[in-house]
Amino acid sequence: MSTEDKVADVGNRNYIDVLPTEVLCKIFDRLDFEGLKTGSLVCQRWNDIISTSGYAERFVFEIDMYFKHDSQEESMKQMLAEVRKMLGKTKRCYQQLKWISDFWIDDQEIRLVWNAIHPKITVNLHSLELYGANTAMMTVFPEIAEQLPSMVQLRSLILEFSGYNDYLQNPTILRSNSVNHLKAITNTKFRVEMPKLENFEGSLSSIYPPNENLSSLTLTDLKNLIVGNFYSDEPNEMSKSAAYSLFQLWKNIETIKWDCGIEDEIFNLLCNMCTSLRELTIRSIGTGRKNYRSMIHFDLTKLTNLTKLEMGNTYIDFVKLPKSIRKLKINLYHRQMIQTLIDSSKSLEELQVVFSTSYEVSLLETLSVLQRLEVLVLYGGHFEESSFLHMNAPLERVRQLRFVRCKLSTKSFLGIQEKFPNLKEPQFC
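Residues numbered from 1 in each chain as written. Predicted model: local features only at pLDDT ≥ 70, side-chain atom pairs only at ≥ 80, totals over all residues. Heavy atoms only, no water.

Colleague: Got a minute to help me understand the overall build of the chain in this structure?
Modeller: Across its full length, the chain carries 13 helices and 21 strands. Here the chain holds 429 residues, and the buried ones make up 46% of them. Here the contacts in the chain between residues at least 6 apart in sequence split such that 63% fall between residues at least 24 apart. Of the accessible surface of the chain, which amounts to about 22100 Å², a share of 48% is contributed by carbon and sulfur atoms. (Helix = DSSP H or I, 4+ residues; strand = E, 2+ residues; numbered from the N terminus. Buried < 20%, exposed > 50% of the residue type's maximum accessible area, 1.4 Å probe, protein only. Contact = heavy atoms within 4.5 Å. Areas by Shrake-Rupley, 256 points an atom, 1.4 Å probe, with all protein chains shown as cover.)

Colleague: Would you explain the pairing of strand S11 (residues 279-285) in this entry?
Modeller: Note: strand S10 (residues 255-262) against S11, 6 bridges, orientation parallel. Along S11, the bridge assignment pairs Ile262 with Ile285. As for the winding sense of the linkage, the β-α-β connection from S10 through helix H10 (residues 264-273) to S11 is right-handed. (Pairing = 2+ DSSP bridges. Right-handed = clockwise from strand over helix to strand, strands pointing away.)

Colleague: Just to check I follow, could you spell out the packing of aromatic side chains for this structure?
Modeller: Each aromatic ring pair is described using two quantities: the centre-to-centre distance and the angle formed by the ring planes. According to the stated counting rule, one finds 14 aromatic pairs in the structure shown. Taking 5.8 Å as the distance between ring centres and 80° as the angle between the ring planes, the aromatic pair formed by Phe355 and Phe383 counts as edge-to-face. Taken as a pair, Phe355 in strand S16 (residues 350-355) and Phe383 in strand S18 (residues 382-383) lie far apart in primary sequence, 28 residues in all. Pairing Phe388 with Phe413 gives two aromatic rings, centres 5.1 Å apart and planes at 65°, and the pair type is edge-to-face. Residue Phe388 is found in the loop between S18 and strand S19 (400-404), and its partner Phe413 is found in the loop between strand S20 (407-408) and helix H13 (416-419); the two are separated by 25 residues along the sequence. In this structure, Phe388 and Phe413 share a single accessibility class: buried. Feature note: the residues Phe355, Phe383, Phe388, Phe403, Phe413, Phe420 and Phe428 constitute an aromatic cluster, connected by ring pairs. (Phe/Tyr/Trp six-rings, centres within 6.5 Å; stacked < 30°, edge-to-face > 60°.)

Colleague: Is there a simple way to explain the side chain of Lys329 in this structure?
Modeller: Structurally, Lys329 can be placed in strand S15 (residues 327-332). Comment: no salt bridge for buried Lys329; closest opposite-charge side chain is Glu310, at 5.0 Å. Those residues in contact with Lys329 that sit more than four places away from it in its chain are Leu309, Glu310, Met311, Gly312, Gln352, Val354 and Tyr379. (Lys, Arg positive; Asp, Glu negative; His and termini not counted. Salt bridge = Lys/Arg side-chain N within 4 Å of Asp/Glu carboxyl O.)

Colleague: How should the nonpolar core be read in this particular structure?
Modeller: Proteins that are soluble and globular tend to have nonpolar side chains buried together. Among the nonpolar cores identified, the biggest contains 114 residues, and Trp250 and Trp258 are the most heavily contacted of them. When residues of this core are assigned to their parent elements, the largest contribution, 7 residues, is made by helix H7 (residues 135-146). Cys25, Ile50, Tyr55 and Phe59 belong to the second largest nonpolar core, which has 9 residues in total. (Core = buried A, V, L, I, M, F, W, Y, C linked by side-chain atoms within 4.5 Å.)

Colleague: Explain the state of the cysteines here, please?
Modeller: Structurally, a disulfide amounts to a covalent bond that connects the sulfur atoms of two cysteines. Applying the stated criterion to the full structure yields 0 disulfides. We note that Cys271 lacks a disulfide partner, and the nearest cysteine sulfur, in Cys274, lies 8.3 Å from it. Judged by relative accessible area, which is 1%, Cys271 ranks as buried. (Disulfide = S-S within 2.5 Å.)

Colleague: Explain the packing of helix H9 (residues 240-249) against H10 here, please?
Modeller: Axes are the key here: two packed helices are described by the angle between their axes and the distance separating the axes. As a packed pair, H9 and H10 sit with axes 10 Å apart at the nearest point and diverge in direction by 25°. One way to sum up the angle between H9 and H10 is to call them roughly parallel. Crossing of H9 over H10 shows right-handed handedness. The residues of H10 that touch H9, namely those facing Lys240, Ala243, Tyr244, Phe247 and Gln248, are Glu265, Ile266, Leu269, Leu270 and Met273. (Axes fitted to C-alpha atoms, helices over the stretch in contact; angles between N-to-C directions. Parallel < 35°, antiparallel > 145°, perpendicular 65-115°, else oblique. Left-handed = near helix turned anticlockwise from the far one by under 90°.)

Colleague: Please clarify how helix H2 (residues 21-28) should be interpreted in this entry.
Modeller: Quick reminder: α-helices carry 3.6 residues per turn. Residues three or four places apart thus point the same way. Residues of H2 that are buried include every one of Leu24, Cys25 and Phe28, and no others. Considered in projection along H2, the buried side chains sweep an arc of 105° and stay on one side of the axis. Exposed side chains of H2 directed beyond 90 degrees from the buried face belong to Glu22 and Lys26. (Arc of directions from axis to C-beta.)

Colleague: Teacher, can you tell me more about the packing of helix H6 (residues 107-117) against H7 here?
Modeller: Contact pair H6 / H7: the axes reach a minimum separation of 8 Å and the direction vectors enclose 40°. When the interaxial angle is binned, H6 and H7 end up oblique. Here the hand of the crossing between H6 and H7 comes out right-handed. Contact residues: H6 offers Asp107, Ile110, Arg111 and Trp114, while H7 offers Ala136, Met137, Thr139, Val140, Glu143 and Ile144. In terms of residue class, the contact of H6 with H7 is made up of 6 nonpolar, 1 polar and 3 charged. (Nonpolar A, V, L, I, M, F, W, Y, C, P; charged D, E, K, R; others polar.)

Spelled out as structure tokens, the structure:
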């Protein structure tokens, strides 16, 4: 090969392709999130390293402040020294911070750690997680919350800590123009000002401020909601006018898990206004109902996008469902609820039934109309060896039959194979 050919060959070689993975990782360490996304599109090898290998774990910064009580002070000094040493060397753009604090940690120690990592680490964060069972984290959290607006890349915020909060008179304001996911299982009082928020899990009082102007709330992008009362001192009631103002903001909401009590009137309002709902789970309806002997009916037909409904702990007599429903969990509290199943016979694919009264035979006599049914789960019922002989016709699509906390005289039922010809084995829990 001539000298000219050797020079040409050297010029045509792609030396990036022969770099060891370890060297590429050090290069990737210096990229921010957008740079990494671009890098993953360069070639299959880079995409495999960035997206599917263990490399992504290098962008998680974890602070574990669980120390043995008898050596807490020394362990704290050692941990701080290690954090400062590492931060002084690294040029890595961490995307996730997970911070766990022990009960014995005080607020001054929390501040020392925060001052060490902010803004060195927090400026590139996409996810911030704070965990602990101590008052110190609650004390310092308002100071951390003040810095949220400066974390412009932050997308996810998870808060799981509790403690004594009697001295915190005013709620902490959580402001961010970038966060779209918020999980807050904490008894600290806070309010949400996050216009891009799409997913929220936390107390109802955080997104429904009692005695405050709801028109200032920015929750119009909310799509997925889980609300509950995680601590006994949280308010559990909502006026109709407040609910109306709140539900007006939820025009784009797709899933709701209401894990606390809701009044009949408020539930009706929700079903009439949040018409984009695809999935709805309600723990209990009518917590303040005075007359439990009155017939309780609900009409959900305006929820034309609803495919999944769970109300297994609710005591209602009848519910009229939209034709879109595919998955249903109900409490068979009244015989009229059987009519709900008949009305949904053309669409229902998954049925879960909680037995509060002895309507097992009535249910089995009705099952044959549910010809699209694929999954059947039975809670708390009483079934004898011959119970399934009450079915009028087989259900050929059923591939899963599960008994949960049921009273069974046997686990071998007569005619079970004929009634469910494509069922392999029933499941018992």
